[in-house]
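One letter stands for each residue in the lines below.
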Amino acid sequence: MIDKKVKVKEIRDLGSRNYLLTLNTPEQARLVRPGQFIMLKCVEGIDDSPLLRRPFTVFNIYRQIRSGKPAGLELLVKDVGAGTHKLVQMKPGGMLDCLGPQGRGFQISADMRNRVELACLIAGGVGIAPLYLLAQSLLSQNVKPVLFYGGANVGDLVLREYFERLGMEIFFTTEDGSFGRRGLITEPASEYLKINARKNIRVYACGPWGMMKAVHLLSAQNNLQCEVSLEARMGCSLGACLGCVVRSRDHLGEEQYLRVCQDGPVMNSRLIDWDTIPL
Ligand SMILES: Cc1cc2nc3c(=O)[nH]c(=O)nc-3n(C[C@H](O)[C@H](O)[C@H](O)COP(=O)(O)OP(=O)(O)OC[C@H]3O[C@@H](n4cnc5c(N)ncnc54)[C@H](O)[C@@H]3O)c2cc1C
Ligand code: FES
């Protein structure tokens, strides 16, 4: 894990309060694994508010055009509050404190191609953020990823061209019917799992709590392993403050609390008590 000041290369407005922020930081980019995050101070001055850094998943590693070597990080940022609002107003050349990469990402092993035929990636809104590096990694392991991407409206379905360029099969839904099929993303995902019931499938999800709970239940009904990338408010991100805990049960059914920053953000969905939403 590296703690350093990094330079803002570019910030692109994607609409509907979503932004793609590119940071120059080759050392951190080299270390990133799919599903990991960084902690970013959203303002330049060390004493400027908000004081606490905010967590952001690494959406993509951008590379030098000639050498193909990692040059920096691309982050999808949704402007939802004080910190993200200041962050999206940064200009190219601005400097930000960046700690990471950190956290437990998706479990990807070299022998996966022998055990997994299909990977269903299910995203709600900015929950798309951890799934692009995951899709790339699955493809490099010869596992076929299929994307299910849902939002309230078309404005929520950002960066879909990245996945289209990978040549993946993609299902889109919007609640208002402005793009793709009208309804919730769990509907086509459920149908797909039924049609492909004989295949060895693994499920990955990121999005609002209710969506991930529904995906967990769907996976459990179909007896499939499911990994979810969780969000929780973070203080230290180092495992000390316990501000980010999620309620869980151990293998004996005893209550325990897992830290999203250290034990996650990616966890097996069966570990989580889905009836207790984190703070
Ligand atoms: C591991 C992890 C990865 C994340 N990745 C991304 C990402 O790739 N892109 C992205 O846009 N956001 C991501 N988030 C959420 C992001 O960290 C929060 O939106 C951000 O911290 C809000 O800061 P703020 O100062 O703008 O909001 P605040 O003013 O602090 O709060 C504004 C609103 O956002 C809610 N909120 C604040 N923090 C969180 C949080 N951690 N999770 C959920 N809701 C929160 C508050 O409840 C409140 O309603 C991630 C969170 C975690 C834990
Ligand atoms: S944020 Fe402090 S323990 Fe996770």
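Here the residue numbering is sequential within each chain, running from 1 through the sequence in written order. Chain labels run from A onward and ligand labels from 1 onward, assigned in the order the entries are written. Local features are withheld for residues below a pLDDT of 70 in this predicted model, meaning they are given only at 70 or higher, and side-chain atom pairs are given and counted only at 80 or more; totals for whole chains, interfaces and linings count all residues. Hydrogens and water are ignored here; the side-chain numbers use all heavy atoms of the structure.

Trainee: Requested: an account of the overall build of the chain, with residues and values cited.
Mentor: By definition, any uninterrupted DSSP run of H or I lasting at least four residues is a helix, any uninterrupted run of E lasting at least two residues is a strand, and each is numbered from the N terminus. Broken down by element type, the chain carries seven helices and 16 strands. Against the compact-globule benchmark of 19 Å for 279 residues, the chain has a radius of gyration of 18 Å, which places it among compact chains. Along the longest, intermediate and shortest principal axes, the C-alpha atoms of the chain span 55 × 45 × 40 Å. Note on contacts: a residue pair qualifies if any of its non-hydrogen atoms lie within 4.5 Å across the two residues. For the chain, the proportion of contacts with a sequence separation of at least 24, taken over those separated by at least 6, is 65%. For the chain, the distance from the average position of its 35 positive side-chain charges to the average position of its 28 negative side-chain charges is 5 Å. In this setup the radius of gyration rests on C-alpha atoms only. A globule is expected at 2.2 Å times the number of residues raised to 0.38. By the counting rule applied here, Lys and Arg register as positive and Asp and Glu as negative, while His and the ends of each chain are not counted. In plain terms, the charge of a residue is placed at NZ if it is Lys, CZ if Arg, CG if Asp and CD if Glu.

Trainee: Before we move on, could you go through the site of ligand 1 and cite the residues and values that matter?
Mentor: Here a residue is near a molecule or strand as soon as one of its heavy atoms is found within 4 Å of it. Taken together, 20 residues are adjacent to ligand 1, and Pro-55, Leu-76, Gly-83, Thr-84 and Arg-233 come closest. Polar contact criterion, stated in full: a pair of N or O atoms within 3.5 Å, where within protein one must be able to donate a hydrogen and the other to accept it, and residues adjacent in sequence count only if both atoms are side-chain atoms. Between ligand 1 and the protein, one listed contact pairs a nitrogen atom with a backbone N or O atom of Ala-232 at 2.9 Å. Burial of ligand 1 by the protein amounts to 77% of the accessible area it has alone, namely 870 Å². Applying the majority rule of atoms within 2 Å of the grid points places ligand 1 in the largest pocket. Surface accessibility in these figures is a Shrake-Rupley result with a 1.4 Å probe; residues are shielded only by whichever protein chains are displayed. A pocket, in this scheme, is an open set of points on a 1 Å grid over the protein atoms alone with protein on both sides within 12 Å along at least 5 of 7 lines, while a cavity is a set where a 1.4 Å probe fits but cannot get out; residues line either one if an atom lies within 4 Å of a point. Any molecule with more than half of its atoms within 2 Å of a cavity's or pocket's grid points is counted as sitting in it.

Trainee: So, the sheet that holds strand β6 (residues 70-78): which residues are in play, and what are the values?
Mentor: Strand pairing requires that DSSP identify at least two bridges connecting the strands. Ordered by their spatial adjacency, seven strands build an open sheet running β4-β3-β7-β1-β2-β6-β5, and the pairing between neighbours is antiparallel. Unpaired on one side and paired on the other, β4 (54-57) and β5 (60-63) mark the two borders of the sheet. Each strand axis lies, on average, 40° off the axis of its neighbour in the sheet, ignoring direction. For strand β1 (residues 2-15) and strand β7 (residues 95-102), the ladder comprises six bridges, and the chain directions are antiparallel. Each residue of the ladder has a partner; that of Lys-5, found in β7, is Asp-97. Whenever a helix is involved, its axis is fitted only over the stretch in contact; in every case the axis is a line through C-alpha atoms, and angles between N-to-C directions fall within 0 to 180 degrees.

Trainee: Lay out the domain arrangement of the chain in plain terms, naming residues and giving numbers.
Mentor: Here the bounds of each domain stem from an automatic or database domain assignment. Split into domains, the chain comes out as domain 1 (2-102) and domain 2 (112-229). Opposite the 16 residues of domain 1 that make contact, domain 2 presents 15 residues. Throughout, the accessible surface (probe 1.4 Å) given up by two parts as they are put together, summed over both, is called the buried area. Carbon and sulfur atoms make up 70% of the surface buried where domain 1 meets domain 2, a total of about 1,300 Å² over both sides. Here, a salt bridge means any Lys or Arg side-chain nitrogen found within 4 Å of an Asp or Glu carboxyl oxygen. Counting across the interface, domain 1 meets domain 2 through one salt bridge. Note that Asp-156 is salt-bridged to Lys-78, the shortest N-O span being 3.8 Å. Connecting domain 1 to domain 2 are one residue pair in polar contact (both at pLDDT 80 or more).

Trainee: Now, about the nonpolar core: what can you tell me, with residues and values included?
Mentor: In this text, buried Ala, Val, Leu, Ile, Met, Phe, Trp, Tyr and Cys residues form a nonpolar core when linked through side-chain atoms within 4.5 Å. Think of it in three bands: residues with accessible area under 20% of the maximum for their type are buried, residues over 50% are exposed, and the middle band is partly exposed, with areas taken using a 1.4 Å probe on protein chains only. With 34 residues, the main nonpolar core has Ile-122 and Leu-230 as its most contacted residues. Counting only elements with at least two residues in this core, the list comes to β3 (37-40), β8 (118-124), β9 (144-151), α6 (186-195), β12 (201-206), α7 (209-221) and β13 (226-229). Summarising the domain contributions, this core has at least three residues from each of domain 1 (2-102) and domain 2 (112-229). Leu-131, Leu-147, Leu-159 and Ile-170 belong to the second-largest nonpolar core, a separate cluster that totals 29 residues.

Trainee: How would you sum up α6? Please name residues and give values.
Mentor: Within the span of α6, buried status applies to Thr-186, Pro-188, Ala-189, Tyr-192 and Leu-193. Around the axis of α6, the buried residues are gathered within 160° of arc, so they sit on the same side. When the buried face of α6 is taken as reference, the exposed residues oriented beyond 90 degrees from it are Lys-194 and Ile-195. Elements that come into contact with the buried residues of α6 comprise β8, β9, β10 (169-174), β11 (181-182), β12 and α7. The arc in question is traced by the directions running from the helix axis to the C-beta atoms.

Trainee: Which residues make up the pattern of salt bridges, and what are the values?
Mentor: Oppositely charged side chains are able to pair whenever their charged atoms sit close together. Tallied over the entire structure, the rule returns eleven salt bridges. Close ionic contact of Arg-247 with Glu-255 constitutes a salt bridge, the shortest N to O distance being 2.6 Å. Three or more residues joined by partner-sharing salt bridges are found here, namely Arg-247, Glu-255 and Asp-273.

Trainee: Mind laying out unusual backbone geometry, listing which residues take part and the relevant values?
Mentor: The step from Gly-100 to Pro-101 runs through a cis peptide bond, and the omega angle for that step is 0°. In the segment running from Gly-264 into Pro-265, the intervening peptide bond is cis, with an omega of 15°. If you trace the backbone, Pro-265 turns up in the loop between β15 (255-259) and β16 (266-268). One non-glycine residue, Leu-159, adopts positive backbone phi at about 60°. One non-glycine residue, Asn-223, adopts positive backbone phi at about 55°.

Trainee: Tell me about the side chain of Lys-41, and name the residues and values.
Mentor: Relative to the helices and strands, Lys-41 is located in the loop between β3 and β4. This buried residue, Lys-41, is left without a salt bridge; Asp-97 holds the nearest opposite charge, at 6.4 Å. For Lys-41, the side chain forms a polar contact with the main-chain oxygen of Asp-48, separated by 2.9 Å. Ignoring sequence-local partners within four residues, the contact set of Lys-41 consists of Ile-46, Asp-48, Pro-50, Leu-51, Arg-53, Leu-96 and Asp-97.

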